[in-house]
Each structure stands twice: as C-alpha cells, then as structure tokens.
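Coordinate analysis (summary)
For reference, the chains in residue letters:
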Amino acid sequence: MSSTSAYLEGLIEECGGFSRFQWIMFSLMMYNKVAITWNMMIMTFDGAIPDWQCGFTNYSNPGTTPSIDMNDLYYTEGQCYPPQNVTVQNCQEYKFSDSMNTIVSEWTLICDKDWVASSITTIQMATILVSCIASGHLADLIGRKPTYFLSLAVITVLNIAAGFSTSWKMFAVFRVLLIFCLGAAMTVFYNYLIEFIPAKRRSVAIAFPVWSIWTCALAFVAMWLHDWRYLQFSTAVLILPCVFMWWVLPESFRYLVIHDRLDEAKEVVCKIARINGKPEPDMSKMSYLVKEDFKVDADRKYTILDVAKSKQLRKYTCLLSIVWMSCGYGYYAISFGVQSLSGSLYLNMFLLSVVEIPAQASSYYLTNRFGRKRMAIVSLLAAGITGFIVAALQISDLEMKDSLINGFALASKMSVIVAWATLFMLSTESYPTVVRNIGIGMLNSFARVGGLIAPQLVYVSNHLPGAMYFVFGGLMVLSSFSLIFMQETNKKPMEDGIATEKKGGEEMQSLQIETSI
C-alpha cells in the first residue's frame, strides 16, 4: 500500500471515523437508492401480463362469411387460437382483468406481440451495458458527484415523459434513454459512498438491505396503484428530492486528491471534521506524499487501457466478469420470472424481495468474519444447488411441486443476493481509486449481459419448463470456481493511485491492488 493511501485512511479516522457526517451521507444515499431500484425493477409490473380472455365468434357455416356480433362471442381464457369448432381464426376482442393496468393491457401486447415486453427489458439491459462503461470513464474524468446527480435529474424528467407515452414504441424509447442515465447512477453509487467510509465499516454500505426494502415498497405501491402510468409518476416524485442533495453532499476527497485538486480536497476534509465535531487534521504532508507516490499529473486521463496494462487487474477483471454476468442473470431471471410462480404476483414479488433483507444484512458480519471471497463462493454454490432443484421440480409431476418451487426459488434468490452483495465489496476493493469507477463500470456491463439474457430465457421457460433455472444453476457453479483464483481483500486498505514496478530491468506501469475493508 502506498504512503498516500495510508495517509488518506488516517484522515478519515482523524475526522471521526464513521461518525455524524458518514451517518448523514449514508442515510441520504440509502434514500437515493430508490432511483436505481424502482427504475430497474419497474418492468416487473409495467410488463406484467394480466389475466385475459380472447373472444371468437361461435358461428359455423362453411362457404359463407359470418357477420360478427360482438355481443355473441365465444371467450377462451388466455388462449390466442380458437377451439376446433370455431371458424374465425383470429381473436375478435381481448378482455383484460381489472386487477392491473400494464403496458401489456394498454397496447394489447399478447399473442403475436407477446415478445414486446420482454424485448423492452432486454433492450434496457443492453443499454446499461454501454452506459456503465461510458459512465465509469466519465465519473473518473469529471468526478463522482456531477456524474451521479446529473443522471438523477435526467432520470426524473424521463420517468414523467414515459408516463405520458401514447404507444409501446414511444415508451420503449423513453425507457432506453432513462436506463442509459440509470447506468451512470448505478456505476457511481457505491464507489461514491464507500470512499468516505473508514476501512472497518466499509461493508456497511453493502450490508444494509436498501435495495430489498425499496423493492418491497415497490410491490406495495404497485398493488395499491395497479396502473403503470401512476407508477412512473410516483417514481419521479420520489427521485426529485435526491436531485437537491447536490447542495448537501461533497465530491469524494479521494477523487480530488488523486486528480491534484488538493485545495478542494482539504475543504471537504475540513467539512467532514467540522460536522463530526473534530479538529481539522494536519494536511501539510498531503501534497508531498501525492507527488512522491503517484507523480500526479493534473492532465492525466485514465482509461480502460490502464486496467488492461496490469497483468493482475486483467486477471481479476476476467474472473470477476464471469461472476458479475452470472449474478446479473440469476437475480433478474428470478425477479422477472416471478409470474411463473404460483400465487399472487404482488405477494410473490414481495416475498422474493423480503428474503433479501436478512440475507444482505447478515453479509456485514459474514464478510468480516469469513472474508469476501469465501462467502461469495459458498453463496454461489448454494444458489446453484437450489437452482438445479427448482429446474428439476418444474419438469416433474409431484403433487406439491408448486409450493416446493416457490420455496427453493426464494432460497435461490437469497443466496444470489448474499453473493452479489459480497461481490460488490470484493470488486470495489480490487481496483485503485484512479480507475475504480472504470473497473466497476466494466463489471456492471457484464452484469447487464446476464440481465439482457434473463428476460429472453424467462420467455423461453414459458414454453420449455426448467430451462431458465438449469442455466442459472450452471452459471452459479461456474462462478464459484472462478472466484477461487481471486485474492482476498478483507481488512486491507484500498489503494488509490498508480505505482510502478520493475520487471527485467524495464520500468512498467502497474496498478497496485492492495485493497480494503
């Protein structure tokens, strides 16, 4: 670990450690998570298929063309094609249940258009894939704070615009634009928060089950409103206060130090100390240490190439990308596939979310006690095993299979959330400050590859039971083996900048990855 990294860790402790300022920032950022959670999960309800009926004429007289009376139709439950005794081959009228109004019932996205809802979800995942890479570079270029809050402002406007959509194509366009901005918020969120938290408390950021809490809240609000337009407007209303937090939360002082903006960094440190009721720490050595350790060039712009030049970071990125892709697929496949479970959509969505709360909360103790690497491996194996069981049950003829499927699906979801929460911390601690957002942005993009595949396999599973969970189980097991080759980061300070090492008499650039909790 460099002297500057140790010095910056010491500054946090001198300013009070995890004290009043950190609690304020932590609380505000946990509220901010509503923007990410609701916008990512809202298609679970917006794209849900209400119970529906198709009306066919019951007239049968070969050689004549019947005049269709809409008051005298033969209705079938959730069936696109008529029974054998009905001559008219196309549905004359669709009737949807009043229990929910979604984009499916709004624009009749069933039968020959049943691919639309899942495709919108797939497109949004592909959009995040691009956004995470771009926003990772942007956050390391212009800063965490402007990237994060600008994205929230645009997301608020686009949620309102999406609510006024007059066609599914218009809705899809707004969703793509919205999700592109959401990728920036997702990439920056944890890095921005963690860079203010001392090493011993860093896992608090991933242990607090805020995603699960907001997802549970989304299930209740959706059940109350049961209308996709109102849900879009409600999301915008909840995000709006987050935009005004720009005037409350400062830029990351670690980012400012690494980019040679030392005067601004000192102001932030003094603000933290003042709020925490501590005296201003001595920062006279900051400039000397930064220049000695990292030879900071204010004009230096870091890119993905800086990650690629490091042999160790290349290895870590390859291994972690497999796991992030698998977790992305697993989490969203189970979430978007909630309609395949027996019972109420709202109740199942709530249960799939509420099981995440104890799972994620326990990760604070477990990751500190047993380490990030070990917990992630165990959780992934548990997810794989339960996933295979669900797949086997879906193709079986057991009388109690519906209840068993629901139970093991909940266990799979719980295991995935523990693994992914642990993975967030392991990954964040494996990249130095100068390329941390770039690294996490790349990994987030791989997670979106998994999320991109998920809705399509959910669609396939409607016709081929067990397919989604067989793929899920295989990916989870593969990911657990990939992590064996990762380095443990528990209780190691985060590295901040680029160091140099010599090999064969030639100096080459390498990003140190002595990382922390």
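The structure contained in this document is the topic of the report that follows. (Residues numbered from 1 in each chain as written. Predicted model: local features only at pLDDT ≥ 70, side-chain atom pairs only at ≥ 80, totals over all residues. Heavy atoms only, no water.)

Focus on a nonpolar patch on the surface
A cluster of nonpolar side chains, namely Leu240, Phe244, Trp246, Trp247 and Val248, defines an oily patch on the protein surface of about 560 Å² accessible area. In this fold, Val248 is placed in the loop between helix 10 (228-243) and helix 11 (253-258). A relative accessible area of 40% means that Val248 is categorised as partly exposed. (Patch = residues over 30% accessible without salt bridge, like charges linked within 9 Å, V, L, I, M, F, W, Y side chains within 5 Å. Areas by Shrake-Rupley, 256 points an atom, 1.4 Å probe, with all protein chains shown as cover. Salt bridge = Lys/Arg side-chain N within 4 Å of Asp/Glu carboxyl O. Helix = DSSP H or I, 4+ residues; strand = E, 2+ residues; numbered from the N terminus. Buried < 20%, exposed > 50% of the residue type's maximum accessible area, 1.4 Å probe, protein only.)

Side note on the packing of aromatic side chains
Across all of its chains, the model carries 29 aromatic pairs by this definition. Above the face of the Trp246 ring, Lys145 is positioned so that its terminal group lies 4.5 Å from the ring centre. (Phe/Tyr/Trp six-rings, centres within 6.5 Å; stacked < 30°, edge-to-face > 60°. Lys NZ or Arg CZ within 6 Å of the ring centre and 35° of its normal.)

Focus: helix 5 (residues 116-142)
The α-helix advances 3.6 residues per turn, and as a result positions three or four apart in sequence lie on the same side. For helix 5, with 27 residues, the first-to-last C-alpha span of 37 Å sits near the 39 Å given by 1.5 Å per residue. Positioned one or two residues after helix 5, Gly143 has a phi angle of 120 degrees, which is positive. (Expected span 1.5 Å × (residues − 1).)

Notes on unusual backbone geometry
Phi is positive for Thr108, which is not a glycine, with a value near 50 degrees. By secondary structure assignment, the location of Thr108 is in the loop between helix 4 (103-106) and helix 5. Although it is not a glycine, Asp260 adopts a positive phi angle of roughly 60 degrees. With respect to the helices and strands, Asp260 occurs in the loop between helix 11 and helix 12 (262-275). On the accessibility criterion, Asp260 (31% relative accessible area) is partly exposed.

Considering the nonpolar core
Counting 155 residues, the largest nonpolar core has Met40, Phe45, Ile103, Tyr332, Trp420, Leu423 and Leu483 as the members making the most contacts within it. Considering every element that reaches this core, the biggest residue donor is helix 7 (residues 168-194), with 15 residues. Sequence-distant contacts of Leu423, defined by excluding residues within four places in its chain, comprise Leu320, Val323, Trp324, Cys327 and Leu483. (Core = buried A, V, L, I, M, F, W, Y, C linked by side-chain atoms within 4.5 Å. Contact = heavy atoms within 4.5 Å.)

So, the packing of helix 2 (residues 20-41) against helix 10
Two elements in contact, helix 2 and helix 10, have axes whose closest approach is 8 Å; the angle formed by their N-to-C orientations is 150 degrees. On the basis of the axis angle, helix 2 is roughly antiparallel to helix 10. Note that helix 2 runs across helix 10; the crossing there is left-handed. Between helix 2, through Tyr31, Asn32, Val34, Ala35, Trp38 and Asn39, and helix 10, the contact on the second element is made entirely by Ser234, Thr235, Leu238, Ile239, Pro241 and Cys242. When grouped by side-chain class, the residues that make up the contact of helix 2 with helix 10 number 8 nonpolar, 4 polar and no charged. (Axes fitted to C-alpha atoms, helices over the stretch in contact; angles between N-to-C directions. Parallel < 35°, antiparallel > 145°, perpendicular 65-115°, else oblique. Left-handed = near helix turned anticlockwise from the far one by under 90°. Nonpolar A, V, L, I, M, F, W, Y, C, P; charged D, E, K, R; others polar.)

Regarding the side chain of Asn159
Within the secondary structure, Asn159 is located in helix 6 (residues 144-163). Take Asn159: its relative accessible area is 0%, and that puts it in the buried class. Non-local contacts of Asn159, meaning those with residues more than four positions away in its chain, are made with Asn39, Leu178, Gln232, Thr235, Ala236 and Ile239.

Overview of the pattern of salt bridges
Tallied over the entire structure, the rule returns 5 salt bridges. Where Glu9 meets Arg254, a salt bridge forms, and the shortest distance between an N and an O atom there is 2.6 Å. Of the two residues, Glu9 sits in helix 1 (residues 3-14) while Arg254 sits in helix 11, which places them 245 residues apart along the sequence.

What about empty space enclosed by the protein?
Going through the model one piece at a time under the given rule, you end up with 4 cavities of 30 Å³ or more. Estimated volume of the largest cavity: approximately 250 Å³. As for the largest cavity, its lining consists of 16 residues, of which Lys33, Tyr190, Trp211, Trp420 and Phe424 are closest to the centre. Of all the secondary structure elements, the ones that give two or more residues to the lining of the largest cavity are helix 2, helix 7, helix 15 (311-336), helix 19 (401-428) and helix 20 (436-461). For the lining of the largest cavity, the element with the most residues is helix 19, which contributes 4 residues. In terms of residue class, the lining of the largest cavity is built from 12 nonpolar, 2 polar and 2 charged. Of the volumes computed, that of the second largest cavity is approximately 60 Å³. (1 Å grid on protein atoms, 1.4 Å probe; cavity = no way out; pocket = protein on both sides within 12 Å on 5 of 7 lines; lining within 4 Å. Points joined across faces, edges and corners; volume = space filled by probe spheres on them.)

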